[in-house]
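Take a look at the letters that make up each chain.
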Amino acid sequence: MDVIAVVGVLAAASAAGYVVAGPLRGGRAEADDAAYQSQLEDLEAAKEARYREIREAEMDFRTGKLSEVDYKAIDRQLRAEAMELLRKLDALGASGD
Amino acid sequence: MADLGRGLTFLAFAVAVYGVVAALYGGIAGRREWVTSARRAVYALAGLTTAAFVVLELAFLRNDFSFSVVQSHSSITTPFFYKAAAAWSSQEGSLLLWLWLLSMWSSLVIFLTRNRMRDVQPYAIATLMGFATFFGGLLVFAVSPFDTLPVTPVDGTGLNPLLRHPSMMIHPPMLYSGYTLWAVPFAFAVGALVVRRVDAEWISATRRFALGAWLFLGVGILLGARWSYAELGWGGYWAWDPVENASLLPWLTGTAFLHSIMVQEKRGMLKTWNASLILATGTLAILGTFLVRSGILDSIHAFGASTLGVPFVVLIGLMVAGSVALVVSRRDVLRSEHKLDSLLSREAIFLGNNIVLVGMAFVVFWGTFFPLISEALTGNKQSLGPPWYDKYVVPLALALVLLSGVGPVIAWRRATPKNARRNFVWPLVAGVVTAIALIPFGVAGRPFALIMFAFAAFAIGTIVQEFSRGVRARKAMTGEPAPLAFLTLIRRNRRRYGGYTIHLGMAVLFIGVAASSAFQHVHTVELKKGQVTNLGRGYTARYDGPTSRIDVTADGVERLVFGAKLTVFKHDKKLTVLRPERGYYPIEGAPFAGAVGRYFDGESTSEIAMKAGLGLDIWSAVTPDLDPTLAIVKKGDAVFRNASGKMDQKAYSAALGTTIRTLTDNYAKSAPPATFRLIVSPMVTWIWLGALVVFLGGLICIWPTADLAHRRATAGYAARVARELGRA
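Residues numbered from 1 in each chain as written. Chains lettered and ligands numbered in written order. Predicted model: local features only at pLDDT ≥ 70, side-chain atom pairs only at ≥ 80, totals over all residues.

> Would you mind going over the overall build of chain B in detail, with residue names and values included?
Within chain B, the secondary structure is distributed over 21 helices and 10 strands. For chain B, the C-alpha radius of gyration of 29 Å lies close to 27 Å, the compact-globule estimate for 728 residues. Along the longest, intermediate and shortest principal axes, the C-alpha atoms of chain B span 100 × 70 × 60 Å. In chain B, buried positions account for 52% of the 728 residues. Taking as baseline every contact in chain B between residues at least 6 positions apart, the subset at least 24 positions apart corresponds to 76%. (Helix = DSSP H or I, 4+ residues; strand = E, 2+ residues; numbered from the N terminus. Rg over C-alpha atoms; globule rule 2.2 N^0.38 Å. Buried ≥ 20, exposed ≤ 12 C-beta atoms within 10 Å, placed from the backbone. Contact = placed C-beta atoms within 7 Å.)

> Describe the overall build of chain A, listing the residues and the values that go with them.
Within chain A one finds 3 helices and 0 strands. For chain A, the α and β elements follow one another from N to C terminus as α-α-α. A sequence separation of at least 24 residues applies to 70% of the contacts in chain A between residues at least 6 apart.

> Outline the interface of chain B and chain A, supporting the account with residue identities and numerical values.
For interface size, the figure often reported is the accessible area lost on association. Residue-level contacts link 60 residues of chain B with 53 residues of chain A. If one sorts the elements of the side of chain B that touches chain A by residue count, helix 2 (residues 32-61) of chain B sits on top with 10 residues.

> An account of helix 5 (residues 91-112) of chain B is requested, with residue identities and associated values reported.
With 22 residues, helix 5 of chain B extends 32 Å between its outermost C-alpha atoms, agreeing within 8% with the 32 Å of an ideal straight helix rising 1.5 Å per residue. Where burial is concerned, most of helix 5 of chain B is hidden: 17 out of the 22 residues are buried. (Expected span 1.5 Å × (residues − 1).)

> Quick one: what's the story with unusual backbone geometry, residue by residue and with numbers?
Residue and element names in this part refer to chain B. Positive phi, close to 60°, is recorded for Leu270, a residue that is not glycine. With 23 C-beta atoms counted inside 10 Å, the residue Leu270 sits in the buried group. Positive phi is not limited to glycine here, since Met683 has a value of about 60°. Topologically, Met683 is positioned in the loop between strand 10 (674-682) and helix 20 (684-702). Judged by the 21 C-beta atoms lying within 10 Å of it, Met683 is buried.

> Hey, could you go over the confidence of the model for chain B for me, with residue numbers and the actual values?
All names here are of chain B. Taken residue by residue, chain B gives an average pLDDT of 88. The fraction at 70 or more is 95%. The least confident element of chain B is helix 21 (residues 717-727), whose mean pLDDT is 67; the most confident is helix 20, at 95. Contacts of residues 707-715 to residues separated by more than four positions or lying in other chains number 18 contacts, the stretch itself having pLDDT below 50. This prediction of the complex comes with two scores: 0.87 for pTM and 0.76 for ipTM. (pLDDT = per-residue confidence, 0-100.)

> Got a sec to walk through the pairing of strand 2 (residues 532-536) of chain B? Specific residues and values, please.
Residue and element names in this part refer to chain B. As defined by bridge partners, strand 2 adjoins strand 3 (residues 539-553) across 4 bridges and the pair is classed as antiparallel. When the bridges of strand 3 are listed, Val532 appears paired with Arg542. What sits between strand 2 and strand 3 in their antiparallel hairpin is a turn of 2 residues, with Arg537 showing a positive phi close to 55°. (Pairing = 2+ DSSP bridges.)

> Got a sec to walk through helix 15 (residues 447-478) of chain B? Specific residues and values, please.
End to end, helix 15 of chain B covers 46 Å across 32 residues, agreeing with the expected 46 Å (1.5 Å per residue, within 8%). Note on helix 15 of chain B: the residue one or two positions beyond its end, Gly479 of chain B, has a positive phi of about 75°.

> How would you sum up the sheet that holds strand 10 of chain B? Please name residues and give values.
Residues and elements named next belong to chain B. Read from one edge of the open sheet, 4 strands run 1-10-9-8, paired in antiparallel fashion. Here the strands that pair on one side only, and so sit at the sheet edges, are strand 1 (521-527) and strand 8 (609-611). Each neighbouring strand pair of the sheet contributes to a mean axis angle of 15°, computed without reference to strand direction. When strand 9 (residues 616-624) meets strand 10, the two strands line up antiparallel, connected through 9 bridges. Note that in strand 10 the partner of Val622 across the bridge is Phe676. (Axes fitted to C-alpha atoms, helices over the stretch in contact; angles between N-to-C directions.)

> Quick rundown of the confidence of the model for chain A? Include the residues and the values.
This prediction gives chain A a mean pLDDT of 81; 87% of its residues lie at or above 70. Mean pLDDT in chain A bottoms out at helix 2 (residues 34-62) of chain A, which sits at 82, and peaks at helix 1 (residues 3-25) of chain A, which reaches 89.

> Give me the packing of helix 1 of chain A against helix 1 (residues 2-29) of chain B: which residues, what numbers.
The geometry of a pair of packed helices is captured by two quantities: the angle between their axes and the separation between those axes. Contact pair helix 1 of chain A / helix 1 of chain B: the axes reach a minimum separation of 8 Å and the direction vectors enclose 20°. Put simply, helix 1 of chain A runs roughly parallel to helix 1 of chain B. Crossing hand, helix 1 of chain A versus helix 1 of chain B: right-handed. For the pair helix 1 of chain A and helix 1 of chain B, the contacting residues are Ile4, Ala5, Gly8, Val9, Ala12, Ala13, Ala16 and Val20 of chain A in the first and Asp3, Leu4, Gly7, Leu8, Leu11, Val15 and Tyr18 of chain B in the second. Looking at the contact of helix 1 of chain A with helix 1 of chain B residue by residue, the classes come out as 12 nonpolar, 2 polar and 1 charged. (Parallel < 35°, antiparallel > 145°, perpendicular 65-115°, else oblique. Left-handed = near helix turned anticlockwise from the far one by under 90°. Nonpolar A, V, L, I, M, F, W, Y, C, P; charged D, E, K, R; others polar.)

> Tell me about the nonpolar core, residues and numbers included.
Residues and elements named next belong to chain B. Val15, Leu48, Ala456, Phe510 and Ile511 are the most contacted members of the largest nonpolar core, which has 234 residues in total. Broken down by element, this core gets its largest block of residues, 17 residues, from helix 8 (residues 201-231). Grouped together as the second largest cluster of nonpolar side chains are 12 residues, Phe562, Tyr585, Tyr599 and Tyr667 included. (Core = buried A, V, L, I, M, F, W, Y, C linked by C-beta atoms within 7 Å.)

> Break down the pairing of strand 5 (residues 573-578) of chain B for me, citing the residues and quoting the values.
All names here are of chain B. The pairing of strand 4 (residues 556-570) with strand 5 spans 5 bridges and is classified as antiparallel. Across the sheet, residue Leu566 finds its bridge partner in strand 5, namely Leu578. Hairpin remark: strand 4 followed by strand 5, antiparallel, with 2 residues in the connecting loop; positive phi at His571, about 50°.

> Could you give an account of the packing of helix 13 (residues 386-406) of chain B against helix 15 of chain B, with specific residues and numbers?
Residue and element names in this part refer to chain B. Contact pair helix 13 / helix 15: the axes reach a minimum separation of 7 Å and the direction vectors enclose 20°. Here helix 13 lies roughly parallel to helix 15, going by the angle between them. Read as a crossing pair, helix 13 and helix 15 show a hand that is left-handed. Contacts between helix 13 and helix 15 pair Val394, Leu398, Val401, Leu402, Ser404 and Gly405 from the former with Phe448, Ile451, Met452, Phe455, Ala456, Phe458, Ala459 and Thr462 from the latter. For the contact of helix 13 with helix 15, the class distribution of residues is 11 nonpolar, 3 polar and no charged.

> A description of the domain arrangement of chain B should follow, citing residues and the corresponding values.
Domains assigned within chain B are domain 1 (1-160), domain 2 (165-364), domain 3 (408-516 + 697-705 + 714-727) and domain 4 (521-682). Relative to domain 4 of chain B, the C-alpha centre of domain 3 of chain B lies at a distance of 50 Å. (Domains from an automatic or database assignment.)

> Describe the environment of Tyr599 of chain B, with residues and values.
All names here are of chain B. If you trace the backbone, Tyr599 turns up in the loop between strand 6 (581-584) and strand 7 (604-607). Here the alpha-carbon distance between Tyr599 and Tyr585, two residues 14 residues apart in the chain, equals 6.2 Å. Excluding residues within four positions of it along the chain, Tyr599 makes contact with Val557, Leu560, Tyr584, Pro586 and Ile660.

> Could you give an account of the environment of Asn63 of chain B, naming the residues involved and the relevant values?
Secondary-structure assignment places Asn63 of chain B in the loop between helix 2 and helix 3 (68-73). In the structure, Asn63 of chain B is positioned 310 residues away from Ile373 of chain B in sequence and 44 Å away in space, judged by C-alpha atoms.

> Please provide a residue-by-residue account of the environment of Ile702 of chain B, values included.
Residues and elements named next belong to chain B. Along the chain, Ile702 turns up in helix 20. Assessed through the 18 C-beta atoms surrounding it within 10 Å, Ile702 is described here as partly exposed. For the pair Ile702 and Pro311, spaced 391 residues apart in sequence, the C-alpha to C-alpha distance is 35 Å. Setting aside chain neighbours within four positions, we find Ile702 in contact with Arg208, Leu211, Gly212 and Leu215.

Dropping the structure here:
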């Protein structure tokens, strides 16, 4: 093994070791409230999905794929679902602007 | 330098193993610092594999023939452009490319999702690093690109001439990007299943990676098709070759996945199906990688027999068993939140499209592995050819094009028959008029092609109608002029209109496939100088005579080129001149080859000539009759064998150069007959244009939008919903 290779591999190993071991040097990290986080993310994802659906339904209506009656019923239902999700997000203490 | 490469590869392997262990320990024990450390291991892996890849590239560019892989895949005369690409023309180099791309994509997704899905991340990281461990292990213990030769040769054997084509520079990185990107949604699906979080969050976190995988794999497949058409000398773009099929399989199931995840995101349905689809797609991506390098199936694209089969089979077995176990054990949380409201709904059409795509994937899978199945059952290895594939794939492709037209005009949840009728009128008219208009041109004799043209016209009709109605709606809402309304419409609804653009491109592409396969005229003929042959469709070609030349680089003769000049006429009016050629590459590192013969004994490639147009391509390849020349070559070998040692090197080289020059000049002067493969193929250009439109649509879909995930709000829910919707 030539000198350049030895120095290069040692330098790479040191750099990788330093980067990877960084988080372990600070001791035990505060544990995530995993259940809270995942509930929050789920609600946010569901909220965004409802928003997307509302926009899609409006586009479907405007491009003639949905009748007005169907559109209004779907829009009402989706908005109610979105509101319910916002209530749950607030209850979780995630919101506030 | 080889030692440095070996050391870096070993470090990459060690970091990957550490990443798996740290991520799993952090996930199971709830120790966040270990998960963070595992995440950093992914970044470190990317750094190490990048450095290793740079070492390999430098070896190729510096003609370092002490590297075994450089000696066997490059040479001094290999053009610089192809030296850079030669790294992935080898088994070992391509494995390193695979690992490097995997580490880069893994780093990107882990960075982008660092604050999301913290419970899923440890298992996703462990899965990604598991793949890295596997490929790193192969590079360390099985096939290292950093192996060296005991004695450094003066020159290498050169890059396979067939691979000296611009698309081959980017075809493998595109395919491998596709394969490695599929590992991302696969890994997150595994993580989501492990922690039982199978809502749409893992889909939304990795959707762009799935789209990227689909896009890269698609570009890779198309570049391969283009290479086949322009380089292989048989005139086709798809041969149902096992390796071609292997790349198509994950693309088909991935296409199904990209449609069905929309149903899960919107309706909370098809969770089991989506999880199964992405697990299957990830597994098929590994299967594709395996097929290229296992040697179990014969293919022009494969690396040939190797010892990598067993480790890959073990990995694929683990992936299949693990996927089945995960899906079965999580079936309680994978239940759908809603039921299908109506068969006349977009989700029902998506389901139909998924069945067709998975059906196609099954046909391709069966056809690809039939030689192995038949050998296991009967002892005889039997292959299934294009007619078998066409029998099943053509009807499925027709259904797919029809559904791609129906889907965009059907609403989610439920569409009323009245609205559906209204939406179908003009596209149906477009389809029927197209079919009727084509009958007088003899298209009725090819019913599948006629149906494809009609269905494609219908699909294009629905998409044009959708764009036009969308623009009208936007104009009515905002008063924007039409061009601005068109652009804003796409910008604000990228997924929808990007998807429609993809459908448009696919319809155009399928028109090209149907026309070029149903109405192609293939003609193989031997012509003497001055002879004319009929190509069909009113075209004729005259063999004006042979051509020859010597291509040289700064380092010597790259190849001898023997070709032909063909004048093509349409109804006796000169249309174009074609100059197909065949290049003969000197054989390197073969002491048995004669001094003159070595210029003829190496690989040879066909350099096709064609006139391509929107209407049709006139394609030509030539096989020159070199028998008279080769008789002289033999005599030349004998003369130079006797002269060896009796002449000084300079005089010997000058005499050899003069001999080669005289041989090539004499070929052109003697005007021997030549065998031509001549093809008149309609609308092939539509395939490439359609593909460009597809990729444009993919880019529209993949383009980032503002992050809406973490909006904050308080009260006044109805107003907030309206406000937030208005902002989006």
